[in-house]
Amino acid sequence: MSEHKVLALFISTLLLSSASLLQAQHLTGKVVDKANPSQPLVGANVIWLQTDKGTATDASGKFTLSLSDAAKPVVLVTYVGYTPDTISVAGRSDITVALEAAKGMTEVVIEGEKERHSALTPTQTQFITTSDLEKSACCNLAESFETNAAVEVSTTDAVSGAKQIQMLGLDGSYTLLTTDNIPALRGLATPYRLNYLSGTFIESIDIIKGMGSVLNGYESISGQVNVTLRDPEKAQRLYMNLYGNSLGRYDANLNLAGSLNKKWSTILMLHTDQLQHRSDRNHDGFMDLATGSQYNVYNKWKYVSGDWVAEFGLTALQEQKVGGQLDFDENTPKEEQPHYGIKSDVDRLAGHTKTSYTFAGKPYQSIGLITSATHHKFTSQYGLRDYDGEQNSANARLIFQSIIGDTRHTYKTGLSYTFEDYSENLNDSLFNRREIVPGVFGEYIYSNTHNLTVVAGARLDFHNLYGTQFTPRLNVKYDISPRSILRFATGTGFRVSNIIAENTATLVSSRRFVVEEDLEAEKAWNIGGSFTHYFEVAGRPGTFVTDFYHTSFINQVVADMYTMPGSVLFYNLGGRSYANSFQAELQYEVLRGLTAKAAYKYYDVKTSYKDKLWQKPMIPEHRFFVNIGFATPFEKWRADLTTQFFGLMPLATMQEDHNQPLEHKANSDRFATVNTQVTRAFKRWEVYLGAENLLNYRQPNPIYGANEPFNAGFDASMVWGPVTGRVLYAGLRFKLD
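Rules of the game
Residues numbered from 1 in each chain as written. Predicted model: local features only at pLDDT ≥ 70, side-chain atom pairs only at ≥ 80, totals over all residues. Heavy atoms only, no water. 1 Å grid on protein atoms, 1.4 Å probe; cavity = no way out; pocket = protein on both sides within 12 Å on 5 of 7 lines; lining within 4 Å. Points joined across faces, edges and corners; volume = space filled by probe spheres on them. Helix = DSSP H or I, 4+ residues; strand = E, 2+ residues; numbered from the N terminus. Nonpolar A, V, L, I, M, F, W, Y, C, P; charged D, E, K, R; others polar. Pairing = 2+ DSSP bridges. Polar contact = N/O pair within 3.5 Å; in protein donor to acceptor, adjacent residues only side chain to side chain. Contact = heavy atoms within 4.5 Å. Buried < 20%, exposed > 50% of the residue type's maximum accessible area, 1.4 Å probe, protein only.

### Describing empty space enclosed by the protein
Counting across every chain of the model gives ten cavities of 30 Å³ or more. A volume near 640 Å³ is recorded for the second largest cavity. Looking at the second largest cavity, it is lined by 42 residues, and the ones nearest its centre are Ile182, Pro183, Ala184, Leu185 and Thr374. Elements supplying a minimum of two residues to the lining of the second largest cavity: β13 (175–179), β14 (182–183), β20 (291–305), β21 (308–324), β22 (341–358), β23 (366–382), β24 (385–404) and β25 (406–426). The residue makeup of the lining of the second largest cavity, split by class, is 19 nonpolar, 16 polar and seven charged.

Have a look at this one:
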């Protein structure tokens, strides 16, 4: 054999060996339609199970994954309009995945039990799973964010115990709160809405920063919190949770789920919480927490038949609360009452329907109708002030989705209709309005199946009180590499404020409500972005996320407690109002079963109060967050420790001289809180013990003028820290699959 032939044979053998070695280091494959195997699925997501490492299929439906990225030899394949599938690839280098068309519109399955930042969504989205919710007491939605750094929950005043969320440095009223992507718990429900949703009703929570989809309405300005309620088809047959704490509060929850036949399934969820013991551990003469009771029932039905999917849900709630001085008698008329107190009675009824049809042979094309209705009525008393209200709401959305050419180009379009009827009475002053808002919307999604996703949407709403409103939004996701992701978001949102319901904390004071002019709708621009990087150190996974968002108000209803300390003035924004939010977060698995998460947040939130641009009260400029979680194999033991540090917050106290410069105004103290919980799991039982505010820190003097609550100077609204001190709790869960 000649020398040239030997060299050619050697090179050929080397190339074949290299190709074989290269193939052995990668998994290749193709994703097709099961009913039509010749049809490739373009843009299907293929990821290694229990990781965030994956790719999307190309124009031929093909993909390549690195075997070194696998946590286990199993891939998860998802595609819009198809049922997700998991495939074992042990010992295989090339596969073909045939996905089956879903029976109606389905939701993407989120694999894994740990809270994580999504690598797939175009918006910056953080998931809180059932496992995360069980790391804390989580008796209601207010307690569901304790181990999360993206959303803050604060107490509005030192008497009622009402709580609110904050995102991007803005009040919760600027965050769209939805259940199963249906706007919920809004309007007059705002003061106590976080207490109206039991933690045991919740399957998961999606936290979206910045501009979300136009499909869910026009109100989102700082972001969206979507609560996914338990699904009748997937829920455990029986779930029970019992809880009690050192303040005398008791909660009981029971979920029952089952399938009636192949088409129908249902879930019934029951919740009650009771607090009848009056405590005053800081000896200021006021109850540390408002007493009362709540009864909450939720029933959901699901129907699946061929290409049709339907869902029906109904919830009913009844709640009473009593707070104030220890000797307050809620049965004595306020004219004869020598003690200060608050009380409220709430009746709430809400329902929704979802119906969708997927076109035969076109799993990417569907049409759906979503409707909801709410009746919310309450009577309340704050000292000598009566505040009563009623809200009747209805909403409907018709959504059509399909593709343009292939699944790299998809779109959604539809019609919406919103009806709101508000009736409020504050000391015989009426605040009534009726909103009728038909609208049209559209959203275009482009994905190059490799590293770029663009979501561009817009709404046009015709408001009977505030005219035509145009709401554009844009989200862009760019994968610098499989481990590094950039996101950008911008757009507008508008909303109509409910000045009393959103400022009930000021009712727990001697401040006068003064509305200086006709109030316009609020509107703002939000622009920002994030950087996410997934990494490994010493073979352990970690995630680093940093983001910055700027919100600028075109108009805002200003609640001014600076200009006249004895009053709260309401007027339209006459200058600037903005919020800058920066966050950096690091998550890392230190050891197997031991995870750590740390975050730093900076807020610059300022509003023009008359002619002065001042920092908004009750917003800390700096905040630190640390969470450490530990779990033994099979999670027989779980433990979590969360520490939060809060920087200075400006206060709008009634004692200050409004002519003082900003730097001389009152501020809160710096303080830290620590929460912890330990859980022991058995086959079907779980027992948990925990402590909130473990260090027993309390805000000094949370109520100004507590000795003379009916006189000028009384103010319980400047609450910036814990009021109750340390709270110990215990509970048990029982689960039957």
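### Here we look at the sheet that holds strand β11 (residues 163–167)
The strands making up a sheet associate through hydrogen bonds between their backbones, and the pairing can be parallel or antiparallel. Read from one edge of the open sheet, three strands run β10-β11-β12, paired in antiparallel fashion. Each edge of the open sheet carries a strand with a single partner, namely β10 (152–155) and β12 (170–171). In terms of strand pairing, β11 meets β12 through two bridges, oriented antiparallel. Residue Met167 lies in a different strand from β12, and its bridge partner there is Leu170.

### Here we look at the layout of surface pockets
Size it by volume and the second largest pocket reaches roughly 360 Å³. Lining the second largest pocket are 19 residues, with Phe431, Arg433, Tyr466, Ser497 and Leu519 sitting closest to its centre. The element that contributes the greatest number of residues to the lining of the second largest pocket is strand β26 (residues 429–447), accounting for four residues. Residue composition of the lining of the second largest pocket, by class: ten nonpolar, three polar and six charged.

### Some remarks on the side chain of Gln583
The topology assignment puts Gln583 in strand β35 (residues 577–591). At 2.8 Å, the side chain of Gln583 forms a polar contact with the side chain of Lys209. Not counting chain neighbours up to four residues away, the residues in contact with Gln583 comprise Ala149, Ala150, Lys209, Val545, Thr546, Asp547, Ala599, Tyr600 and Lys601.

### What to know about the environment of Tyr729
Assignment of secondary structure puts Tyr729 in strand β42 (residues 727–736). What makes Tyr729 buried here is its relative accessible area of 6%. Aside from chain neighbours lying at most four places away, what touches Tyr729 is Ser136, Ala137, Tyr243, Gly244, Asn245, Thr676, Gln677, Tyr688, Leu689, Gly690, Ala691 and Glu692. At a separation of 3.5 Å, a polar atom in the side chain of Tyr729 contacts the main-chain amide nitrogen of Ala137.

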